[in-house]
Amino acid sequence: MTDISYFPGCSLATSARENNLSLIEVARHLGYNLVELEDWNCCGSSSTHSIKRDLAFQLACRNLSLCPSDRPLLVACPSCILRLKTAQLHLKNDPDIQYKYPDTLTRPVDPNLEIIHFFELLTRHFSLKPQTSALNTLKDLRFVPYYGCMLNRPPEMRHEKNYYGLVEKILAYFGAESHTWAFSSRCCGTFLSVAKPAVVTPMVNRIIQGTPCEMNLLSAGLYMEQN
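Rules used in this analysis
Residues numbered from 1 in each chain as written. Predicted model: local features only at pLDDT ≥ 70, side-chain atom pairs only at ≥ 80, totals over all residues. Heavy atoms only, no water. Salt bridge = Lys/Arg side-chain N within 4 Å of Asp/Glu carboxyl O. Helix = DSSP H or I, 4+ residues; strand = E, 2+ residues; numbered from the N terminus. Buried < 20%, exposed > 50% of the residue type's maximum accessible area, 1.4 Å probe, protein only. Pairing = 2+ DSSP bridges. Axes fitted to C-alpha atoms, helices over the stretch in contact; angles between N-to-C directions. Contact = heavy atoms within 4.5 Å. Disulfide = S-S within 2.5 Å. Expected span 1.5 Å × (residues − 1). Phe/Tyr/Trp six-rings, centres within 6.5 Å; stacked < 30°, edge-to-face > 60°. Parallel < 35°, antiparallel > 145°, perpendicular 65-115°, else oblique. Nonpolar A, V, L, I, M, F, W, Y, C, P; charged D, E, K, R; others polar.

A. Highlighting the pattern of salt bridges. For the structure shown, the criterion picks out 3 salt bridges. Residue Arg28 is joined to Glu25 by a salt bridge in which the shortest nitrogen-to-oxygen separation is 2.5 Å. Here the residue Arg28 and the residue Glu25 both occupy positions in helix H2 (residues 17-29), the gap between them amounting to 3 residues, near one helical turn. Arg28 sits in the partly exposed class, given a relative accessible area of 42%. Close ionic contact of Asp39 with Arg62 constitutes a salt bridge, the shortest N to O distance being 2.6 Å. In this pair, Asp39 sits in the loop between strand S2 (32-36) and helix H3 (46-51) while Arg62 sits in helix H4 (residues 53-65), placing the two residues 23 residues apart along the sequence.

What follows is the structure, given as structure tokens:
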């Protein structure tokens, strides 16, 4: 069993606890022991990122400073991985931030820490080629994937992986059938979910209502919350 550091984030620790438990179990079956970071805090997404960027950056840096340097950090939530990887990028490449950072937190951050999405665990274990026989367990499942915009990197992270297309490949491995639709990358309003729920609710509803009635909606972020 290989140890991997794990940052669940606020949603998987609260409203999406069932997804947290299933992720831990899947990782265990793949041979990974997810070691949750001790005393982790909010990644700085949603309301913090929208209202006070400096604080959001410091929150992300604190989490990175908790990570052992000898193993990768697994993050499931697309918003969380975006905030953590953006903070790491700034710490690595911005001289002004490198100068100021020790005044904020005394623990160092490994600039080369490997931060991975949970898709990495799957793609490292599966060839992602369509299967027959025993692995054809989802052959009656028809679905449309939802990635949202968080896995589509901002310009400063354009060279990072974006993972688009992996939901289809992973489920095709087990025999499921994917279909294209117009909402796979539509923003759900996540950064405004706390500050302006009246704006976000119709955005989420539009995505859900746009799902073909005969299809299942499967989210790349493991969860979709409805207010």
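Alright, that's what it looks like, and here's the rest.
B. Summary view of the sheet that holds strand S4 (residues 115-117). An order of S2-S1-S3-S4 is seen for the 4 strands of this open sheet, with the pairing classed as parallel. The open sheet has two edge strands with one neighbour each: S2 and S4. In this sheet, neighbouring strand axes are inclined to one another by 40° on average, regardless of whether the strands run parallel or antiparallel. One ladder, built from 3 bridges, connects strand S1 (residues 2-7) with strand S3 (residues 73-75); its direction is parallel. Counted as the bridge partner of Tyr6 is Leu74 from S3. Sitting on the sheet, H2 is in contact with S1 and S2, with an inclination near 140° to S2.

C. A look at the state of the cysteines. According to the stated counting rule, one finds 0 disulfides in the structure shown. Take Cys42: it sits in no disulfide, and the sulfur closest to it among the cysteines is that of Cys10, at 4.1 Å. With no disulfide of its own, Cys149 has Cys187 as its nearest cysteine by sulfur position, at a separation of 3.9 Å.

D. Geometry of the environment of Leu113. Of note, Leu113 is situated in the loop between helix H6 (95-104) and S4. Linking Leu113 and Pro68, residues 45 residues apart in sequence, is a C-alpha distance of 8.5 Å. In this view, Leu113 contacts Leu64, Cys67, Pro68, Arg71, Leu73 and Gln88; residues no more than four positions away in its chain are not counted.

E. Spotlight on helix H5 (residues 78-93). Between its terminal C-alpha atoms H5 stretches 22 Å, which fits the 22 Å expected from 16 residues at 1.5 Å a residue. Taken across its 16 residues, H5 has 12 buried, putting it largely inside the fold.

F. Spatial organisation of the pairing of S1. In this structure, S1 lies alongside S2, joined through 5 bridges in parallel fashion. Following the sheet pairing, Asp3 is matched in S2 by Asn33.

G. Looking closely at the packing of aromatic side chains. Applying the stated criterion to the full structure yields 3 aromatic pairs. Plain terms: the ring middles of Phe7 and Trp40 are 5.3 Å apart, the flat faces sit at 75° to each other, and that makes the pair edge-to-face. One end of the pair, Phe7, is in strand S1; the other, Trp40, is in the loop between S2 and H3, with 33 residues separating them in the sequence. Taken as a pair, Phe7 and Trp40 share a single burial class, namely buried. On the numbers, 4.7 Å between centres and 35° between planes, the contact of Phe118 with Phe119 is tilted. The class for Phe118 is buried, based on a relative accessible area of 10%. A relative accessible area of 3% places Phe119 in the buried class.

H. Looking closely at the packing of H4 against H5. At a minimum axis separation of 9 Å, H4 and H5 run at an interaxial angle of 90°. Looking at the two axes, H4 sits roughly perpendicular to H5. Of the residues in H5, those in contact with Phe57, Ala60, Cys61, Asn63 and Leu64 of H4 are Arg83, Leu84, Ala87, Gln88, His90 and Leu91. Of the residues assigned to the contact of H4 with H5, the class counts are 7 nonpolar, 3 polar and 1 charged.

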